[in-house]
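Examination of the molecular architecture
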Amino acid sequence: MAFLRLGLTSFGGPVAHLGYFRQDIVEKRRWLDERAYADLVALCQFLPGPASSQVGIGIGLYRAGVPGAFAAWVGFTLPSALALALFASGVENLGGALGSGWLHGLKVAAVAVVALAVWGMAGTMANDRPRASLAIASAALVFAVPGAAGQIGAIVLGAGVGIFLSRGQPVTASPAPAPLGHGRTVGVLCLAVFFLLLVGLPIVVERWPRHDLAVASAFYRAGSLVFGGGHVVLPLLRAMVVPPGWVSDNLFLAGYGAAQAVPGPLFTFSAYLGFVLDRPPNGWIGAALCLVAIFLPSFLLVFGALPFWDRLRGRPGAQSALRGVNAAVVGLLLAALYDPVWKSAIANAGDFILAAAALVLLAVWKLPPWLVVIFCALGGAALAHL
């Protein structure tokens, strides 16, 4: 139920999702402590695919094993996937129902959520002069080198600086938040399956040119090769489905507009595309196929990496690196707070006041995020009519 509620209320993209997770899972429920959560976020920044969804899978895995991981993914993913599939079927026109004012208010809500996440994580992970400076340097690097290269470079920089700063200092390794329920053997098997499918599916499609296999291969590849998640996957998906004629450009853009108006991970746009494919498998079967194919790499990578990650993070040298990586993650969130969150949401004084009010409601009044999201949506609609 925790992740279902997050899936219904987490607007604003992957960075905002990490803020929602932190507030609900770390601060409210205390399923993970701040350090373990930041370590998990750092790992998912290294992995391709949707970082926020992978963090959710990891939290579920720690909390309740494999069933917990699937429950967390279903709860977080199902609301937006269903909404986009219904939009594709013509049953519910979400774009028209929300309107531009409501949608803009949801973007403003993301400003408050991300700002609170940056402040909270900075207080724990960048709370001295060197690490605060490292966070700023990481943000600057992300702006100087756009895309995945800048993000990976910031994390590598953080690891190197963390090791340098921690030389000669005693390091206490933090234990894993909870037993995973599987060890390195299963981890190796999951990583092997990940690479086998990545390399093998295109070969199978070339030998047996079935449409359903080609669709599964394309969406699996999209989920395997995209760093940064969210909007980064959209150009790749368009290149995969529009030129072959699987989905028209008009349908693709209509679905993209609807995807901005629903909560949860943007990777659920795959459910819309699967529904509107030009030939079977399409409809509900196509939506399910594309949704599973694009998220399957995330499961395999998280299941495969965490057993090694927990053993690695228990070593003093790795802990030193993680201290720097965590500070760099604060920098990544800070950079994202400005672009795209702030730049896409704050256009005038009214937007600024609405964002400030939302931040006060979250930080001072301690209102739940879903209520603040509704407040911002209503506020955005009101501002649009002024």
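Residues numbered from 1 in each chain as written. Predicted model: local features only at pLDDT ≥ 70, side-chain atom pairs only at ≥ 80, totals over all residues. Heavy atoms only, no water.

Observations regarding the overall build of the chain
Scanning the chain from N- to C-terminus turns up 16 helices and zero strands. On the chain, roughly 16,500 Å² of surface is accessible, and the fraction owed to carbon and sulfur atoms is 69%. (Helix = DSSP H or I, 4+ residues; strand = E, 2+ residues; numbered from the N terminus. Areas by Shrake-Rupley, 256 points an atom, 1.4 Å probe, with all protein chains shown as cover.)

A word on the nonpolar core
Soluble, globular proteins show a tendency: their nonpolar side chains are buried together. Grouped together as the largest cluster of nonpolar side chains are 120 residues, with contacts concentrated most on Tyr 37, Val 55, Phe 219, Val 241 and Leu 273. A total of 15 residues in this core trace back to one element, the largest contributor, which is helix α4 (residues 51-89). Contacts of Phe 219, omitting those with residues within four sequence positions, involve Leu 237, Val 241, Ser 270, Leu 273, Cys 290, Ala 293 and Ile 294. (Core = buried A, V, L, I, M, F, W, Y, C linked by side-chain atoms within 4.5 Å. Buried < 20%, exposed > 50% of the residue type's maximum accessible area, 1.4 Å probe, protein only. Contact = heavy atoms within 4.5 Å.)

So, the packing of aromatic side chains
Here the distance between the centres and the angle between the planes together describe a pair of aromatic rings. Scanning all chains against the criterion turns up 15 aromatic pairs. Both rings, one in Trp 73 and one in Phe 295, keep their centres 5.5 Å apart while their planes meet at 65°; by these two values the pair is edge-to-face. Of this pair, Trp 73 sits in helix α4 while Phe 295 sits in helix α13 (residues 283-312); the two residues are 222 residues apart in sequence, bridging distant segments of the chain. Grouped by ring-pair contacts, the aromatic residues Phe 70, Trp 73, Phe 267, Phe 295, Phe 299 and Phe 303 constitute a single cluster. (Phe/Tyr/Trp six-rings, centres within 6.5 Å; stacked < 30°, edge-to-face > 60°.)

Brief notes about helix α15 (residues 349-363)
Look at α15: 21 Å from first C-alpha to last across 15 residues, which is about the 21 Å you get at 1.5 Å a residue. Among the residues of α15, those classed as buried are Asp 351, Leu 354, Ala 355, Ala 358, Leu 361 and Leu 362. Viewed end-on, α15 has its buried residues packed into an arc of 120°, placing them on one side of the element. Along α15, the residues that are exposed and aim more than 90 degrees away from the buried face are Ala 349 and Ile 353. (Expected span 1.5 Å × (residues − 1). Arc of directions from axis to C-beta.)

Considering the pattern of salt bridges
In this structure the tally under the stated criterion is six salt bridges. Of the charged contacts, one joins Arg 210 and Asp 212 as a salt bridge, the two residues approaching to 2.6 Å between their closest N and O atoms. The exposure class assigned to Asp 212 is partly exposed, which follows from its relative accessible area of 25%. Across the pair Asp 278 and Arg 279 runs a salt bridge, and its minimum N-O distance is 2.8 Å. The exposure class of Asp 278 is partly exposed, given its relative accessible area of 40%. Within this structure, Arg 22, Glu 27 and Glu 34 form a network of salt bridges that share partners. (Salt bridge = Lys/Arg side-chain N within 4 Å of Asp/Glu carboxyl O.)

A word on helix α16 (residues 369-384)
Spanning 16 residues, α16 covers 22 Å between terminal C-alpha atoms, matching the ideal 22 Å at 1.5 Å per step. For α16, the set of buried residues is Pro 369, Val 372, Val 373, Cys 376, Ala 377, Gly 379, Gly 380 and Ala 381.

As for the packing of helix α3 (residues 34-46) against α4
Interaxial distance between α3 and α4 falls to 9 Å at its minimum, and their mutual angle equals 135°. It follows from the interaxial angle that α3 and α4 lie oblique. When you trace α3 past α4, the crossing you get is right-handed. On α4, the residues touching Tyr 37, Leu 40, Val 41, Cys 44 and Gln 45 of α3 are Ala 51, Gln 54, Val 55, Gly 58, Ile 59 and Tyr 62. In the contact of α3 with α4, the residues fall into eight nonpolar, three polar and no charged. (Axes fitted to C-alpha atoms, helices over the stretch in contact; angles between N-to-C directions. Parallel < 35°, antiparallel > 145°, perpendicular 65-115°, else oblique. Left-handed = near helix turned anticlockwise from the far one by under 90°. Nonpolar A, V, L, I, M, F, W, Y, C, P; charged D, E, K, R; others polar.)

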